[in-house]
Amino acid sequence: MTPMPYCGPAPVPDQLWRSWNLDPAVLIGLALLTVWLMRSDQRGAGMLAVAALAVAFVSPLCALTVALFSARAVHHLLLIAVAAPALAVAWPAMARVPAGLSLAALTGAMIAWHLPDLYAAIWASDGLYWLMQAAMLLPAWAFWSAVLAPRPTAPEALRRAGLIGGLAGVMGLLGAALTFAPAILYVPHLGTTLPWGLPPLADQQLAGLIMWVPGFVPMAAIAALVLGRAWRAEVAR
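Residues numbered from 1 in each chain as written. Predicted model: local features only at pLDDT ≥ 70, side-chain atom pairs only at ≥ 80, totals over all residues. Heavy atoms only, no water.

**Thoughts on the packing of aromatic side chains**
Working step 1: Here the structure, examined in full by the defined rule, presents 14 aromatic pairs.
Working step 2: A ring pair is formed by F69 and Y119, whose centres lie 5.3 Å apart and whose planes are at 75°; its orientation type is edge-to-face. Of this pair, F69 sits in helix α4 (residues 69–90) while Y119 sits in helix α6 (residues 116–124), and the two are 50 residues apart along the sequence. With respect to class, F69 is no different from Y119; both count as buried. (Phe/Tyr/Trp six-rings, centres within 6.5 Å; stacked < 30°, edge-to-face > 60°. Helix = DSSP H or I, 4+ residues; strand = E, 2+ residues; numbered from the N terminus. Buried < 20%, exposed > 50% of the residue type's maximum accessible area, 1.4 Å probe, protein only.)

**Looking at helix α9 (residues 200–212)**
In an α-helix there are 3.6 residues to a turn, and that puts residues three or four apart on one side.
Working step 1: Compared with an ideal rise of 1.5 Å per residue, which puts 13 residues at 18 Å, α9 spans 18 Å between its outermost C-alpha atoms and is within 8% of the ideal.
Working step 2: For α9, the complete set of buried residues consists of P200, D203, Q204, A207, G208, I210 and M211. Around the axis of α9, the buried residues are gathered within 160° of arc, so they sit on the same side. (Expected span 1.5 Å × (residues − 1). Arc of directions from axis to C-beta.)

**Quick notes on a nonpolar patch on the surface**
Working step 1: Taken together, the side chains of W20, L22 and L27 present a nonpolar region at the surface, about 330 Å² in accessible area.
Working step 2: Along the chain, L22 turns up in the segment before α1 (24–37).
Working step 3: With a relative accessible area of 60%, L22 lands in the exposed category. (Patch = residues over 30% accessible without salt bridge, like charges linked within 9 Å, V, L, I, M, F, W, Y side chains within 5 Å. Areas by Shrake-Rupley, 256 points an atom, 1.4 Å probe, with all protein chains shown as cover. Salt bridge = Lys/Arg side-chain N within 4 Å of Asp/Glu carboxyl O.)

**Points about the side chain of R72**
Working step 1: Relative to the assigned elements, R72 resides in helix α4.
Working step 2: The buried charged residue R72 lacks any salt bridge partner; its closest oppositely charged side chain belongs to D203, at an N-O distance of 9.3 Å. (Lys, Arg positive; Asp, Glu negative; His and termini not counted.)

**Quick look at the confidence of the model for the chain**
Working step 1: Averaged over the chain, the pLDDT score is 90; the fraction of residues at 70 or greater is 96%.
Working step 2: Model confidence for the chain, summarised as mean pLDDT per element, is weakest for helix α10 (residues 216–236) at 72 and strongest for helix α3 (residues 61–67) at 97. (pLDDT = per-residue confidence, 0-100.)

**A few points about the nonpolar core**
Working step 1: In this structure, M110, F143, W144, I164, L167 and M219 are the most contacted members of the largest nonpolar core, which totals 73 residues.
Working step 2: No other element matches α4, which puts 14 residues into this core.
Working step 3: Excluding anything up to four places from it in sequence, W144 contacts I80, A84, P85, A88, I164, L167, M219 and I222. (Core = buried A, V, L, I, M, F, W, Y, C linked by side-chain atoms within 4.5 Å. Contact = heavy atoms within 4.5 Å.)

**Some points on the packing of helix α5 (residues 99–113) against helix α8 (residues 154–180)**
Working step 1: For the pair α5 and α8, interaxial distance at closest approach is 11 Å and the crossing angle is 10°. It follows that α5 is roughly parallel to α8 by the angle criterion. Counting all contacts with α5, which are made through A99, G100, L103, L106, T107, M110 and I111, the residues of α8 involved are L163, L167, V170, M171 and L174.
Working step 2: For the contact of α5 with α8, a count of residues per class yields 10 nonpolar, 2 polar and no charged. (Axes fitted to C-alpha atoms, helices over the stretch in contact; angles between N-to-C directions. Parallel < 35°, antiparallel > 145°, perpendicular 65-115°, else oblique. Nonpolar A, V, L, I, M, F, W, Y, C, P; charged D, E, K, R; others polar.)

**A word on the environment of A120**
Working step 1: Here A120 lies in helix α6.
Working step 2: A relative accessible area of 33% means that A120 is categorised as partly exposed.
Working step 3: Taking the C-alpha atoms as reference points, A120 and V187, 67 residues apart in sequence, are found 7.5 Å from one another.

**Remarks on the pattern of salt bridges**
Working step 1: For the structure shown, the criterion picks out 2 salt bridges.
Working step 2: For the salt bridge of E156 with R159, the shortest nitrogen-to-oxygen distance reads 2.9 Å. Here the residue E156 and the residue R159 both occupy positions in helix α8, the gap between them amounting to 3 residues, near one helical turn.
Working step 3: Residue classification places R159 among the partly exposed residues on the basis of a relative accessible area of 43%.
Working step 4: Residue class for E156 comes out partly exposed when judged on its relative accessible area of 22%.
Working step 5: Through salt bridges with shared partners, a single network forms among E156, R159 and R160.

**Focus: the environment of S145**
Working step 1: Relative to the assigned elements, S145 resides in helix α7 (residues 126–147).
Working step 2: With 98 residues separating them along the chain, S145 and M47 place their C-alpha atoms 17 Å apart.
Working step 3: With sequence-adjacent residues up to four places away left out, S145 is seen in contact with A88, W91, P92, A93, M94 and A95.
Working step 4: In this structure the side chain of S145 is engaged in a polar contact, spanning 2.8 Å, whose partner is the backbone oxygen of W141. (Polar contact = N/O pair within 3.5 Å; in protein donor to acceptor, adjacent residues only side chain to side chain.)

Have a look at this one:
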């Protein structure tokens, strides 16, 4: 019997709108996180983080990641480039973790997610699925907490922008590897992409392009924000 992925069976297009994940543990966790983040001075960022996590794990995007590897790429971008920096602004709980260390941990988690054998194992195990989600979200939260810490000097802002560029580079390399891979790497998607009008290899290539091109946009925006704040602080002195 084929194992069922955490997000359920792969939907076809006319089933997607009904494919919400109403796992009580996830809903309770998001509700508790919402209550906690409402205490933050940065409530807007907190609510953005909760919204991004809800889209990733509750909305039909969760089920779509079972059908399309390209949806998995969108899911990962939501965690790394939206939920994690928003959490870092609202609740910079891990700002003391060196950014270089958290970047290394995040890089390892991203590479691990894209190993075909491990990906297939994640598909078959809810526990491993959540372990790997945490392995990516927590280092990303720590990374952005350190990078977005307030009042950097100009040299420190340049260093932080370089670290953001390093993260963008890792995403770009993974994206390029997926885009130009000559064969299908992720066997679980062999029978799930065609209802969406995508051959499996084209879906894999689309995932690479999503990580490679749109993935750079939030990275560039946040790097510009870090440099802009430092420049304004230097001018104000």
